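In case you want the letters, here they are:
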Amino acid sequence: MTIIINETLRLYGPLTLFLREVEREVQLGKLVLPANIDLLIPNMTLQHDPHLWGGDVHLFKPERFAEGIARATKYNSAAFFPFGLGPRSCVGMTFATTETKIALYMILQRYTFTLSPAYVHSPMSIITLRPRHGIQIMLESLHKDA
Ligand code: HEM
C-alpha cells in the first residue's frame, strides 16, 4: 500500500509548488540568489520530469517504489518531496499516510471499486491539487448479504 500512496503523491500530490523567501544572498550550484527574492519551487514539475523518472513518467506505476524512495529517485532527494524537505517539512506526514492506509484497508475489506465512465480526468490546482469534476467511483459490496 505504501508504494501506491507514494505513486499517487508523485503524480497528484496536494502541493504542486513551494514558496521560499531568500533572506540573504546565497550560492546554489551555479546560481547566485540575491537576498529578498521569492522562490517558487515546482515539486510537481520535478516529480513529472522524464529525465528523473524515465519515459513512463506519466504512467501510474507504484512498482517504481518497490525498493523504496531512495532507489526510485536514484538517491536524488529533490526528485520526490510531496511532504516538503528540510526543517519545515510536513509534521503530519506519518499521520496522513497512516490515516490513508486505515481508510483504504476499511474500504477494501468491504468493497471492490471501479472508476465510473462518467469520470473526466482533469486535475487542477487551487492552492491544492484536486479533481476538477470530482472522482466518481462505483462501489460493489464484497458481502452480498450486507
Ligand atoms: C497527504 C497529506 C499531506 C500532504 C501531502 C502534506 C504536505 C505538506 C507540505 C508540502 C508542507 C510544506 C512543507 C514545506 O514547506 O517544506 C506541509 C506542512 C505542514 N503540514 Fe502537511 N501535508 C499533509 C497532511 C498533513 C496533516 C494530516 C497534518 C496535521 C495533522 C499536516 C500538518 C502540517 C503542518 C503543521 C505543516 C507546517 C510545518 C512547518 O511549517 O513547520 N499535514 N505539509
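Residues numbered from 1 in each chain as written. Predicted model: local features only at pLDDT ≥ 70, side-chain atom pairs only at ≥ 80, totals over all residues. Heavy atoms only, no water.

**Some details on the overall build of the protein**
As a reminder, the rule being used: Strands here mean DSSP runs of E at least two residues long; helices mean DSSP runs of H or I at least four residues long; both are numbered from the N terminus. The size measure is the radius of gyration over C-alpha atoms, and the globule rule it meets is 2.2 Å times the number of residues to the 0.38 power. Under the scheme applied here, a residue whose accessible area is under 20% of the maximum for its type counts as buried, over 50% as exposed, and between as partly exposed, the area being computed with a 1.4 Å probe on protein chains only. Only heavy atoms enter the contact rule, under which two residues are in contact if any of them lie within 4.5 Å. Only the protein chains shown count as cover for residues, and the accessible areas themselves come from Shrake-Rupley with a 1.4 Å probe. Within this scheme the basic residues Lys and Arg register as positive and the acidic residues Asp and Glu register as negative, but His and the chain ends are omitted. Charged side chains are reduced to one point each, which is NZ for Lys, CZ for Arg, CG for Asp and CD for Glu.
Within the protein, the regular secondary structure consists of five helices and eight strands. Seen in sequence order, the protein has helices and strands lined up from the N terminus as α-β-β-β-β-α-α-α-α-β-β-β-β. Relative to a compact globule of 146 residues, whose C-alpha radius of gyration would be 15 Å, the protein shows 18 Å and is clearly more extended. For the protein, the spread of C-alpha atoms along the principal axes amounts to about 65 × 35 × 30 Å. The proportion of buried residues among the 146 residues of the protein is 23%. Within the protein, contacts between residues at least 6 apart in sequence are counted, and of these 56% link residues at least 24 apart. On the protein, roughly 10500 Å² of surface is accessible, and the fraction owed to carbon and sulfur atoms is 62%. Charged side chains of the protein number 14 positive and 12 negative; the gap between the two group centres comes to 2 Å.

**Focus on the packing of aromatic side chains**
Heads up, the rule is: For this analysis, a ring pair means two rings from Phe, Tyr or Trp (six-membered ring only for Trp) whose centres lie within 6.5 Å, classed as stacked if their planes differ by under 30 degrees, edge-to-face if by over 60, and tilted for the remaining angles. Throughout this description, the term charge over a ring refers to an Arg CZ or Lys NZ atom that lies within 6 Å of the ring centre and within 35 degrees of the ring normal.
Enumeration according to the criterion identifies four aromatic pairs in this entry. With a centroid separation of 5.9 Å and an interplanar angle of 50°, the aromatic rings of Trp53 and Phe65 are classed as tilted. Of this pair, Trp53 sits in helix H3 (residues 50-53) while Phe65 sits in the loop between H3 and helix H4 (69-72), and the two are 12 residues apart along the sequence. Using a relative accessible area of 6% as the deciding quantity, one classes Trp53 as buried. With a centroid separation of 6.4 Å and 80° between ring planes, the pair formed by Trp53 and Phe80 is classed as edge-to-face. Separated by 27 residues along the polypeptide, Trp53 in helix H3 and Phe80 in the loop between H4 and helix H5 (93-110) bring together distant segments of the chain. Linked through ring pairs, Trp53, Phe65 and Phe80 together constitute an aromatic cluster. Between Arg10 and the ring centre of Trp53, over which it is positioned, the NZ or CZ distance is 5.1 Å.

**Some words on the coordination of the iron atom of the ligand**
Rule in force here: As a rule, N, O and S atoms within 2.8 Å of a metal are its donors, except that Na, K and Ca use 3.2 Å; water is not among the atoms, so sites may look incomplete.
Donation to the iron atom of the ligand from the protein comes from one atom only, Cys90 (SG), at 2.3 Å. With respect to the helices, strands and loops of the structure, Cys90 is situated in the loop between H4 and H5.

**Some points on the pattern of salt bridges**
Spelled out, the test is: Salt bridges, as used here, are contacts in which a Lys or Arg side-chain nitrogen is within 4 Å of a carboxyl oxygen on Asp or Glu.
Under the counting rule described, the total for this entry stands at five salt bridges. A salt bridge links Arg64 to Glu7; the nearest nitrogen and oxygen atoms lie 2.9 Å apart. Highlighted residues: Arg64 in the loop between H3 and H4 and Glu7 in helix H1 (residues 2-12), separated in sequence by 57 residues. Each of the two residues, Arg64 as well as Glu7, counts as buried. The shortest N-O distance in the salt bridge between Asp56 and Arg64 comes to 3.2 Å. Overall, the relative accessible area of 22% leaves Asp56 in the partly exposed class. One continuous salt-bridge network, built from bridges that share partners, spans Glu7, Arg10, Asp56, Lys61 and Arg64.

**Here's the deal with the side chain of Glu7**
Under the convention used in this document: In the analysis that follows, any N or O atom pair within 3.5 Å is treated as a polar contact, provided that within protein one partner can donate a hydrogen and the other can accept it, and provided that, for residues neighboring in sequence, both atoms belong to side chains.
For Glu7, a relative accessible area of 0% gives the class buried. Engagement of the side chain of Glu7 in a polar contact is seen with the backbone nitrogen of Lys61, the distance being 2.6 Å. Ignoring sequence-local partners within four residues, the contact set of Glu7 consists of Leu59, Phe60, Lys61, Pro62, Arg64 and Phe65.

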